[in-house]
Amino acid sequence: VIKTTQETVLEDYKKLMHLAEYKKFLSKKNDTVLKLNLSWSLYYPACSTQPWQLEGVLKTLIDDGYKNIFPVENETVVTNVHTGAKLNKWLPVLKRYGQMFVPLTDVEWICYQPKAEMLALHEIFPQGNLIPKMFIGKNVVHFPTMKVHGHTTITGAMKNAFGGLITKKRHHCHKKIHEVLVDLLAIQKEIH
């Protein structure tokens, strides 16, 4: 945990990432997906990925030599990904670093057959679970927003994966949210 200020926040994100030794776990050989978090299209403090969080992580990755970075987010039944990227001030940050925002609504989704035994996804999506094709073989950095959630109690990186690995129809998964999160962890281990 690092106490930060608005003057030092970008350097503090770099310090935090280096203290976590992130380079041991994130190969420079692979492209990197930045899975942002959009809880509401409108900006509410501490609700979605903060622009300084995005900038601190993105700047650190670029300064440390990472290439082919893909900031992404999906929409939900209560958000619009294009409006959210604008109102949450992600677009000016991405422009400053020469990055393009990739709405997951605009990419190809493919049916993915996990190797691991699924606890719930096969029941919820008997025709197969769709995932973004672009995720396969890439690193992923999650931007979890620590907040309460009606089904999971709190959210974090695994709940953020929920928004990247399941289509807009993911609200059907809430009845078995804990099992679905375990399934998604298994899928992430296979594809990232």
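Quick look at the structure, then. (Residues numbered from 1 in each chain as written. Predicted model: local features only at pLDDT ≥ 70, side-chain atom pairs only at ≥ 80, totals over all residues. Heavy atoms only, no water.)

1. A word on the overall build of the protein chain
Scanning the protein chain from N- to C-terminus turns up seven helices and eight strands. Overall, the C-alpha framework of the protein chain stretches about 50 × 35 × 30 Å when taken along its three principal axes. Of all 192 residues assigned to the protein chain, the portion counted as buried reaches 48%. Here the contacts in the protein chain between residues at least 6 apart in sequence split such that 74% fall between residues at least 24 apart. (Helix = DSSP H or I, 4+ residues; strand = E, 2+ residues; numbered from the N terminus. Buried < 20%, exposed > 50% of the residue type's maximum accessible area, 1.4 Å probe, protein only. Contact = heavy atoms within 4.5 Å.)

2. Looking at the nonpolar core
Where a protein is soluble and globular, its nonpolar side chains tend to be buried together. Counting residues in each nonpolar core, the largest one holds 24 residues, and the members touching the most others are L121, F135, L165, L184 and I187. Within the residue set of this core, elements represented by two or more residues are β4 (109–112), α6 (157–165) and α7 (177–191). When residues in this core are grouped by element, the largest group, six residues, is from α7. If we skip the residues at most four places from it in the chain, L121 touches N129, I166, C173, V180, D183, L184 and I187. (Core = buried A, V, L, I, M, F, W, Y, C linked by side-chain atoms within 4.5 Å.)

3. Regarding α7
Residues separated by three or four positions in an α-helix point in the same direction, a consequence of the helix having 3.6 residues per turn. For α7, which comprises 15 residues, the first-to-last C-alpha distance of 21 Å matches the rise-based estimate of 21 Å (1.5 Å per residue) to within 8%. Within α7, the full set of buried residues consists of I177, V180, L181, D183, L184, I187, Q188 and I191. For α7, the arc enclosing every buried residue in end-on projection is 160°, short of the 170-degree limit, so these residues lie on one face. (Expected span 1.5 Å × (residues − 1). Arc of directions from axis to C-beta.)

4. Some points on the packing of helix α1 (residues 9–19) against helix α2 (residues 51–63)
Between α1 and α2, the least distance of the axes is 8 Å, while the angle of their chain directions is 60°. Looking at the two axes, α1 sits oblique to α2. Between α1 and α2 the crossing geometry is right-handed. Here V9, L10, Y13, K14, M17 and H18 of α1 lie close against α2, whose contacting residues are W52, Q53, E55, G56, V57, K59, T60, L61 and D63. (Axes fitted to C-alpha atoms, helices over the stretch in contact; angles between N-to-C directions. Parallel < 35°, antiparallel > 145°, perpendicular 65-115°, else oblique. Left-handed = near helix turned anticlockwise from the far one by under 90°.)

5. Re the sheet that holds strand β6 (residues 139–142)
Spatially, four strands are ordered β3-β2-β1-β6 in an open sheet, and the strand pairing comes out parallel. Edge positions in the sheet fall to β3 (102–103) and β6, since each of these pairs with one other strand and no more. For strand β1 (residues 32–35) and strand β2 (residues 69–73), the ladder comprises four bridges, and the chain directions are parallel. Each bridged residue has a counterpart across the sheet, and for K35 the counterpart in β2 is V72. (Pairing = 2+ DSSP bridges.)

6. Regarding unusual backbone geometry
One non-glycine residue with positive phi stands out, namely A46, at about 65°. Examined against the element boundaries, A46 turns out to sit in the loop between β1 and α2. The exposure class assigned to A46 is exposed, which follows from its relative accessible area of 51%. In the Ramachandran plot, K89 falls in the positive-phi region, its phi being about 65° despite a non-glycine side chain. Relative to the assigned elements, K89 resides in the loop between α3 (81–87) and α4 (90–96).

7. Points about the environment of K24
Take K24: it is sitting in the loop between α1 and β1. Taking relative accessible area as the criterion, K24 reaches 61% and is therefore assigned exposed. Reaching out from K24, the side chain makes a polar contact with the side chain of E21 at a distance of 3.0 Å. (Polar contact = N/O pair within 3.5 Å; in protein donor to acceptor, adjacent residues only side chain to side chain.)

8. Some remarks on α1
Every buried residue belonging to α1 is among V9, D12, Y13, K14 and M17, and all of these are buried. Against the buried residues of α1 lie α2. E21 occupies a position one or two residues after α1 and carries a positive phi of about 55°.

9. Concerning the packing of aromatic side chains
One pair of aromatic rings is described through two measures. These are the centre distance and the angle between the planes. Under the definition given, this model contains two aromatic pairs. Seen from their ring centres, Y22 and Y66 are 5.7 Å apart, and the 35° between their planes marks the pair as tilted. Within this pair, whereas Y22 is found in the loop between α1 and β1, its partner Y66 is found in the loop between α2 and β2, the two being separated by 44 residues in sequence. A ring pair is formed by W90 and F101, whose centres lie 6.0 Å apart and whose planes are at 55°; its orientation type is tilted. Remark: F101 occurs in the loop between α4 and β3 and W90 occurs in helix α4; sequence separation between them is eleven residues. Exposure remark for W90: the relative accessible area of 0% places this residue in the buried category. One cation-aromatic arrangement involves K28 over Y66; the distance from NZ or CZ to the ring centre is 5.7 Å. The cationic tip of K138 hangs over the ring face of F70; the distance from NZ or CZ to the ring centre is 5.6 Å. (Phe/Tyr/Trp six-rings, centres within 6.5 Å; stacked < 30°, edge-to-face > 60°. Lys NZ or Arg CZ within 6 Å of the ring centre and 35° of its normal.)

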